[in-house]
Amino acid sequence: MHQIRRTTEIIFVLTLAALLVGGVVFVAGQAIALIAGQGEWLKLLNEAIKTPMCVAASVCAVAGFLLSYKRHQKQGQTPQEATTR
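Residues numbered from 1 in each chain as written. Predicted model: local features only at pLDDT ≥ 70, side-chain atom pairs only at ≥ 80, totals over all residues. Heavy atoms only, no water.

Asks: Got a minute to help me understand the overall build of the chain in this structure?
Replies: Helix and strand counts for the chain stand at three helices and zero strands. Traced from its N-terminal end to its C-terminal end, the chain shows the element sequence α-α-α. In the chain, which comprises 85 residues, the proportion classed as buried is 18%. Look at the contacts in the chain between residues 6 or more apart in sequence, and 74% of them connect residues 24 or more apart. If you sum the accessible surface of the chain, you get close to 7,200 Å²; carbon and sulfur atoms cover 64% of it. (Helix = DSSP H or I, 4+ residues; strand = E, 2+ residues; numbered from the N terminus. Buried < 20%, exposed > 50% of the residue type's maximum accessible area, 1.4 Å probe, protein only. Contact = heavy atoms within 4.5 Å. Areas by Shrake-Rupley, 256 points an atom, 1.4 Å probe, with all protein chains shown as cover.)

Asks: Looking at this structure, I do not really get the packing of helix H2 (residues 39–48) against helix H3 (residues 50–69). What am I missing?
Replies: Any two packed helices are characterised by the angle at which their axes cross and by the distance between the axes. At a minimum axis distance of 4 Å, the contact between H2 and H3 shows a crossing angle of 30°. Classed by the angle they form, the pair H2 and H3 counts as roughly parallel. Here H2 contributes Leu-45, Asn-46, Glu-47 and Ala-48 to the contact with H3, which in turn contributes Lys-50, Thr-51 and Pro-52. Looking at side-chain class alone, the contact of H2 with H3 contains three nonpolar, two polar and two charged residues. (Axes fitted to C-alpha atoms, helices over the stretch in contact; angles between N-to-C directions. Parallel < 35°, antiparallel > 145°, perpendicular 65-115°, else oblique. Nonpolar A, V, L, I, M, F, W, Y, C, P; charged D, E, K, R; others polar.)

Asks: Can you walk me through H3 in this structure?
Replies: A turn of α-helix holds 3.6 residues, and therefore any two residues three or four places apart point the same way. Between its terminal C-alpha atoms H3 stretches 29 Å, which fits the 28 Å expected from 20 residues at 1.5 Å a residue. Buried residues along H3 sit in contact with helix H1 (2–36). (Expected span 1.5 Å × (residues − 1).)

Asks: Help me out: how do you make sense of the environment of Ile-32 in this one?
Replies: Mapped onto the secondary structure, Ile-32 falls in helix H1. Classification of Ile-32 by relative accessible area gives exposed; the value is 51%. Residues Ile-32 and Leu-42, ten residues apart in the sequence, show an inter-C-alpha distance of 9.2 Å.

Asks: Would you explain the side chain of Thr-15 in this entry?
Replies: Take Thr-15: it is sitting in helix H1. When its relative accessible area of 14% is taken as the criterion, Thr-15 is described as buried. What Thr-15 contacts, discounting residues up to four positions off in sequence, is Ala-56, Val-59 and Cys-60.

Asks: Teacher, can you tell me more about the pattern of salt bridges here?
Replies: Close approach of charged atoms allows side chains of opposite charge to pair. Summed over all chains, the structure comprises two salt bridges. A salt bridge links Arg-6 to Glu-9; the shortest N-O distance between them is 3.3 Å. Taken together, the positions of Arg-6 and Glu-9, both in helix H1 and three residues apart, correspond to about one turn of that helix. Taking the relative accessible area as the measure of exposure, Glu-9 reaches 26% and is therefore partly exposed. Taken together, the shared-partner salt bridges in this structure form one network comprising Arg-5, Arg-6 and Glu-9. (Salt bridge = Lys/Arg side-chain N within 4 Å of Asp/Glu carboxyl O.)

Okay, structure coming up:
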(Lines give C-alpha, C1' and ligand atoms only; values in the text may rest on other atoms or scores of the structure.)
Protein backbone atom coordinates (compact mmCIF):
# COMPACT_ATOMS: atom_id res chain seq x y z
CA MET A 1 0.00 0.00 0.00
CA HIS A 2 2.89 2.34 0.80
CA GLN A 3 4.34 1.76 -2.69
CA ILE A 4 1.08 2.87 -4.34
CA ARG A 5 1.04 6.07 -2.28
CA ARG A 6 4.68 6.80 -3.10
CA THR A 7 4.01 6.27 -6.81
CA THR A 8 1.00 8.59 -6.62
CA GLU A 9 3.15 11.24 -4.89
CA ILE A 10 5.77 10.99 -7.64
CA ILE A 11 3.11 11.30 -10.36
CA PHE A 12 1.62 14.31 -8.58
CA VAL A 13 4.96 16.11 -8.23
CA LEU A 14 6.05 15.40 -11.82
CA THR A 15 2.77 16.52 -13.36
CA LEU A 16 2.68 19.61 -11.14
CA ALA A 17 6.20 20.53 -12.25
CA ALA A 18 5.21 19.94 -15.89
CA LEU A 19 2.22 22.24 -15.40
CA LEU A 20 4.31 24.99 -13.87
CA VAL A 21 6.95 24.85 -16.60
CA GLY A 22 4.32 24.52 -19.33
CA GLY A 23 2.36 27.46 -17.95
CA VAL A 24 5.42 29.71 -17.89
CA VAL A 25 6.37 28.71 -21.44
CA PHE A 26 2.78 29.13 -22.65
CA VAL A 27 2.26 32.60 -21.13
CA ALA A 28 5.74 33.86 -22.03
CA GLY A 29 5.32 32.53 -25.57
CA GLN A 30 1.96 34.25 -25.92
CA ALA A 31 3.40 37.54 -24.67
CA ILE A 32 6.31 37.34 -27.09
CA ALA A 33 4.01 36.41 -29.98
CA LEU A 34 1.69 39.31 -29.20
CA ILE A 35 4.57 41.78 -28.96
CA ALA A 36 6.02 40.48 -32.24
CA GLY A 37 2.60 40.46 -33.89
CA GLN A 38 2.91 36.82 -34.93
CA GLY A 39 -0.49 35.14 -34.99
CA GLU A 40 1.06 31.92 -36.26
CA TRP A 41 3.15 31.62 -33.10
CA LEU A 42 -0.01 31.89 -31.02
CA LYS A 43 -1.62 29.15 -33.07
CA LEU A 44 1.49 26.95 -32.73
CA LEU A 45 1.58 27.43 -28.94
CA ASN A 46 -2.11 26.65 -28.69
CA GLU A 47 -1.75 23.43 -30.67
CA ALA A 48 1.56 22.23 -29.21
CA ILE A 49 1.36 23.11 -25.52
CA LYS A 50 -2.28 23.50 -24.54
CA THR A 51 -3.40 19.86 -24.97
CA PRO A 52 -0.48 18.29 -23.04
CA MET A 53 -1.02 20.82 -20.25
CA CYS A 54 -4.70 19.88 -20.00
CA VAL A 55 -3.79 16.18 -19.80
CA ALA A 56 -1.14 16.89 -17.15
CA ALA A 57 -3.65 18.99 -15.20
CA SER A 58 -6.15 16.14 -15.21
CA VAL A 59 -3.59 13.58 -14.06
CA CYS A 60 -2.31 15.98 -11.38
CA ALA A 61 -5.84 16.63 -10.11
CA VAL A 62 -6.64 12.92 -9.82
CA ALA A 63 -3.32 12.20 -8.07
CA GLY A 64 -3.90 15.10 -5.68
CA PHE A 65 -7.37 13.83 -4.88
CA LEU A 66 -6.07 10.34 -4.19
CA LEU A 67 -3.34 11.70 -1.93
CA SER A 68 -5.79 13.74 0.10
CA TYR A 69 -8.33 10.92 0.34
CA LYS A 70 -6.54 9.03 3.10
CA ARG A 71 -3.42 10.11 4.93
CA HIS A 72 -0.68 7.58 5.51
CA GLN A 73 -0.05 6.94 9.21
CA LYS A 74 2.70 4.89 10.72
CA GLN A 75 1.31 1.82 12.44
CA GLY A 76 2.89 2.64 15.78
CA GLN A 77 1.45 6.15 15.98
CA THR A 78 -2.05 6.97 17.13
CA PRO A 79 -3.39 10.43 17.96
CA GLN A 80 -3.30 11.14 21.69
CA GLU A 81 -6.22 12.72 23.49
CA ALA A 82 -5.66 15.64 25.80
CA THR A 83 -6.01 14.90 29.49
CA THR A 84 -8.37 16.94 31.61
CA ARG A 85 -7.95 17.97 35.22
